[in-house]
Amino acid sequence: MPKEIIKNVSGEVKSGQMLAIMGASGAGKTTLLNVLTARNPLKLRVKGVVLLNGQAVSAETMASLSSYIEQHDLFHPFLTVREHLVFQVLVV
Ligand SMILES: Nc1ncnc2c1ncn2[C@@H]1O[C@H](COP(=O)(O)OP(=O)(O)OP(=O)(O)O)[C@@H](O)[C@H]1O
Ligand SMILES: [Mg+2]
């Protein structure tokens, strides 16, 4: 039986809004962000739709339009916040 990591999650964020996704360790924050940004490094089975301006978008388009910085163990002490963002956009 497959393990369900996140289930029945839906939401909408409008332009200009800021959203915080909060939850205890293991709640599924990273999994949700990976789904939303079309990252699936472990090739997990994903069902559902992610829309941008009401339109379905390809993983390539989502990757070109969005990024996020993962947890502290991926931070580099010698980079600024801006450099982290640029690095994530260019490399991931
Ligand atoms: N590939 C996987 N196979 C099995 N279980 C997984 C897998 N990836 C994540 N999980 C489990 O799914 C749950 C959610 O994990 P996730 O990493 O998304 O949580 P998180 O909210 O980001 O936690 P943290 O705050 O510690 O970063 C956890 O119970 C985790 O062990
Ligand atoms: Mg996490």
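Our structure is the block above this text.
Residues numbered from 1 in each chain as written. Chains lettered and ligands numbered in written order. Predicted model: local features only at pLDDT ≥ 70, side-chain atom pairs only at ≥ 80, totals over all residues. Heavy atoms only, no water.

### With respect to a nonpolar patch on the surface
Operational definition: Patches here: salt-bridge-free residues with over 30% relative accessible area, like charges joined within 9 Å, nonpolar side chains (Val, Leu, Ile, Met, Phe, Trp, Tyr) joined within 5 Å. In this description, accessible areas are obtained by the Shrake-Rupley approach with a 1.4 Å probe, and a residue is regarded as covered only by the protein chains that are shown. The rule for a salt bridge is simple: a side-chain nitrogen of Lys or Arg has to be within 4 Å of a carboxyl oxygen of Asp or Glu. Secondary structure elements follow DSSP: runs of H or I of four or more residues count as helices, runs of E of two or more count as strands, with numbering from the N terminus. Each residue is placed in one exposure class: buried if its accessible area under a 1.4 Å probe, protein chains only, is under 20% of its type's maximum, exposed if it is over 50%, and partly exposed if it falls in between.
A surface patch of nonpolar side chains, about 530 Å² in accessible area, is lined by Ile5, Ile6, Val9, Leu42, Leu44 and Val46. If you trace the backbone, Ile6 turns up in the segment before helix H1 (29–36). Residue class for Ile6 comes out partly exposed when judged on its relative accessible area of 31%.

### Quick notes on the site of ligand 1
So the rule is basically this: Any residue with a heavy atom positioned within 4 Å of a molecule or strand is treated as near that molecule or strand. Counting of polar contacts relies on pairs of N or O atoms within 3.5 Å, with two restrictions inside protein: one atom must be capable of donating a hydrogen and the other of accepting it, and residues adjacent in sequence are counted only when both atoms are side-chain atoms. Under the grouping applied here, Gly and all other residues not named as nonpolar or charged are polar, the nonpolar ones being Ala, Val, Leu, Ile, Met, Phe, Trp, Tyr, Cys and Pro and the charged ones Asp, Glu, Lys and Arg.
Around ligand 1 there are 13 residues in total, and Ser25, Gly26, Lys29, Thr30 and Thr31 lie nearest to it. Here an oxygen atom of ligand 1 and a backbone polar atom of Ala27 are 3.3 Å apart. Alone, ligand 1 offers 640 Å² of accessible surface; in the complex the protein occludes 62% of this. Along the lines of polarity and charge, the residues of the shell around ligand 1 split into 5 nonpolar, 6 polar and 2 charged.

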